[in-house]
Amino acid sequence: MITMLCTVFLSLTLASSVYSETNSPASPPAYTAKTELGDQNRVFASRGSNVTLPCRLHRQHGMSFGSMGMRIKWTKLSADESLEEDVLVSMGFHKKSYDSFQGRVHLQEADDDDASLVLSDVSLDDVGKFRCEVIDGIDDVIHEVTLEVQGVVFPYSPRLGRYNLNFHDAEQACLDQDSVVASFDQLYEAWRSGMDWCNAGWLNDGSVQYPVTKPRGPCGGANARAGLRNYGQREKSKSHYDVFCFTSGLKGRLYWLVQPDKLTFTEAVQACQDDGAEIANVAQMYAAWKLNGYDRCDSGWLADGSVRYPISRPRRNCSPTEAAVRFVGFPDKKQKLFGVYCFKGQQ
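A brief report on the enclosed structure follows. (Residues numbered from 1 in each chain as written. Predicted model: local features only at pLDDT ≥ 70, side-chain atom pairs only at ≥ 80, totals over all residues. Heavy atoms only, no water.)

Re helix H2 (residues 184-192)
When H2 is considered as a whole, its buried residues turn out to be Gln186, Leu187, Glu189, Ala190 and Trp191. Buried residues along H2 sit in contact with strand S13 (151-156), strand S16 (207-212), strand S17 (227-233) and strand S18 (242-248). Looking one or two places after H2, you find glycine 194, whose phi comes out positive at around 110°. (Buried < 20%, exposed > 50% of the residue type's maximum accessible area, 1.4 Å probe, protein only. Helix = DSSP H or I, 4+ residues; strand = E, 2+ residues; numbered from the N terminus. Contact = heavy atoms within 4.5 Å.)

So this is what it looks like as C-alpha cells:
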C-alpha cells in the first residue's frame, strides 16, 4: 500500500506550523502519487463563514478522485484523536453526510483530482482536525487538516468559586457562554499574545494547564520559566478545576445600556429585552474587548449573574496596569448596584 500522510495545522495566528511526513514503500509502486497542497496549507475561517478544506491527489497516471470505484471519506478527530466522527462519505455518485454536518458539507470536485471538502456556516464545534481518506483498491491517500477560527480564549469559573468544575461541567459552562472548551493550541497562542492566568483550567483534550507570562511564587515559582504550566491528563469525572473557554467574533453588537438608575439582575435582564436585545454573556464581552477593542469603565451585569467591565485602554481607576476584562464578582442578584451590558444580534 502506498500511504501518504500530510498533516497541516492551520491557525489564525502568524505562528502556525506545518508538518508533513511521507513513508516510502520498500519496493517501487506500479505508479507514484503524491499530495499537493501548494499555498493552501494555511486556511483561515470565521464563525458563520464557508471554508474549503483541501484534499488533492497529484498523480502521474491511473488514479483520480473521479474514478467510479474510488471511495472518499472525510472524518473529524476528537481532541485527543482517539475517536473519529463521520463527516462525509462518497463513492461515485453516492454521497452521504452525517449528523451536524448534514446539509453543510459537499465535495468541491473542481476536477477529477479534487476531493476538497466545502464546509458552510462554520461553528465553534467545527474547530479541530479533519481527515480526508481516499481509497482506490490497495492505494490509500490521507490528508489531515486542522481548522481554526478567529477568536479569544478566556478563563471561566462559576458562581460556586474556584476549582468547582469537572470536565463535563466545564464543557457545559463554556457552552452556556456561547463558547467551547479551548484547545492546547488556542491556549498556547493566547499565552504568546500575553495571557497570564494563575488558575489551572481544563482544555478540550482532558488536560489541565494554565499560562504564565510573568513567573512568580504562587504560579509555579518565581524562578520558573514563562510558559504553560501543565498538570497533565486528569480524571474527567472526579477532578475539579476551572476551564479555559474559546469563542469567536461577534455576529452582533455588545453595548452598555444607559439607564437612569442602578439595576437588580432581574431588572437588568428586562431592560435589555425592552431595548430589543438580550443581556450579554461573558464570551460576548471578551470577544468585544479582545477583537473589537471595546472599552467601558462601568461595572455591569452579565447573563451568568456575574458583574464585569472591559478595559482596552488602561488608566487610573480603570485597570491602571493592563488591558483586561475586570471581574467584580457574583453579587446578590437583588442588589441595585450595577448597570447592564446588552447584546443585539445581527438581523
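A word on the pairing of S16
Two faces make up the sheet, and in a regular strand the side chains alternate between them. In terms of burial, S16 is largely enclosed, as 6 of its 6 residues are buried. Burial along S16 is two-sided: the residues Ser207, Gln209 and Pro211 and Val208, Tyr210 and Val212 are all buried. Bridge count between S16 and S17: 6 bridges; the pairing is antiparallel. Looking across to S17, one finds that valine 208 is bridged to glycine 232. (Pairing = 2+ DSSP bridges.)

Re the state of the cysteines
Taken as a whole, this structure holds 5 disulfides when the rule is applied. Across the disulfide, cysteine 198 is cross-linked to cysteine 219 (sulfur-sulfur distance 1.8 Å). Of note, the bridge from cysteine 198 to cysteine 219 carries an S-S torsion of about -125° and is left-handed in sense. In this pair, cysteine 198 is assigned in the loop between H2 and strand S15 (201-202) and cysteine 219 in the loop between S16 and S17, connecting sequence segments 21 residues apart. The partner cysteine of cysteine 272 in its disulfide is cysteine 342, sulfur to sulfur 2.0 Å. Classification of the bridge connecting cysteine 272 and cysteine 342 rests on its S-S torsion, roughly -85°, and on that basis the disulfide is left-handed. With cysteine 272 in helix H3 (residues 265-274) and cysteine 342 in strand S24 (residues 339-345), the pair connects residues that are 70 residues apart, well separated along the chain. Here the two residues cysteine 272 and cysteine 342 agree in accessibility, since each one is buried. Within the chain, bonded cysteines paired by disulfides and numbered along the sequence follow the pattern 1-2, 3-6, 4-5, 7-10, 8-9. (Disulfide = S-S within 2.5 Å.)

Comments concerning the packing of aromatic side chains
Enumeration over the complete set of coordinates arrives at 15 aromatic pairs. Ring geometry for tyrosine 231 against tyrosine 241: centres 5.8 Å apart, planes inclined by 70°, an arrangement best described as edge-to-face. Here tyrosine 231, found in strand S17, pairs with tyrosine 241, found in the loop between S17 and S18; they are 10 residues apart in sequence, far enough to count as distant. We classify tyrosine 231 as partly exposed; its relative accessible area is 34%. Judged by centre distance (5.7 Å) and plane angle (70°), the ring pair of phenylalanine 327 and phenylalanine 330 falls under edge-to-face. The exposure class of phenylalanine 327 is partly exposed, given its relative accessible area of 45%. The exposure class assigned to phenylalanine 330 is buried, which follows from its relative accessible area of 19%. Among the aromatic residues, those joined into a ring-pair cluster are Tyr163, Phe167, Trp202, Tyr210, Tyr231 and Tyr241. In this structure, arginine 162 is placed above the aromatic ring of tyrosine 163, and the distance from its NZ or CZ to the ring centre is 4.0 Å. (Phe/Tyr/Trp six-rings, centres within 6.5 Å; stacked < 30°, edge-to-face > 60°. Lys NZ or Arg CZ within 6 Å of the ring centre and 35° of its normal.)

Focus on the side chain of arginine 104
By the secondary structure assignment, arginine 104 is in the loop between strand S8 (94-97) and strand S9 (105-107). Look at arginine 104 and you get buried, because its relative accessible area is 15%. Ignoring any residue separated from it by four or fewer positions in sequence, one finds arginine 104 in contact with Val118, Leu119, Ser120, Asp121, Val122, Ser123 and Asp126.

So, the nonpolar core
For soluble globular proteins, nonpolar side chains are generally found buried alongside one another. Membership of the largest hydrophobic core comes to 73 residues, with the highest contact counts inside it found for Trp74, Val243 and Tyr341. Per-element accounting of this core gives the leading share, 7 residues, to helix H4 (residues 282-292). Counting 14 residues, the second-largest nonpolar core is a separate cluster that includes Tyr255, Leu263, Cys272 and Val340. (Core = buried A, V, L, I, M, F, W, Y, C linked by side-chain atoms within 4.5 Å.)

Regarding H4
The buried fraction of H4 is high, at 8 of 11 residues. With a side-chain oxygen positioned 3.1 Å from the backbone nitrogen of alanine 283, the residue opening H4 is asparagine 281. At the exit of H4 stands glycine 293, carrying a positive phi of roughly 70°. (Polar contact = N/O pair within 3.5 Å; in protein donor to acceptor, adjacent residues only side chain to side chain.)

A closer look at the pattern of salt bridges
Under the criterion given, the structure shown has 16 salt bridges. Across the pair aspartate 295 and arginine 313 runs a salt bridge, and its minimum N-O distance is 3.4 Å. Of the two residues, aspartate 295 is situated in the loop between H4 and strand S21 (300-301) and arginine 313 in the loop between strand S22 (307-311) and strand S23 (324-329); the sequence distance between them amounts to 18 residues. Among the salt bridges present, the one from arginine 315 reaches aspartate 295, with a minimum N-O distance of 2.8 Å. Residue arginine 315 is found in the loop between S22 and S23, and its partner aspartate 295 is found in the loop between H4 and S21; the two are separated by 20 residues along the sequence. Using a relative accessible area of 17% as the deciding quantity, one classes aspartate 295 as buried. What emerges from the salt-bridge pattern is a single network uniting Glu81, Glu84, Lys129, Arg131 and Glu144. (Salt bridge = Lys/Arg side-chain N within 4 Å of Asp/Glu carboxyl O.)

Details of the environment of valine 145
Considering the arrangement of structural elements, one finds valine 145 in strand S12 (residues 139-147). Measuring from C-alpha to C-alpha, the distance between valine 145 and lysine 129 comes to 5.5 Å, with 16 residues separating the pair along the chain.

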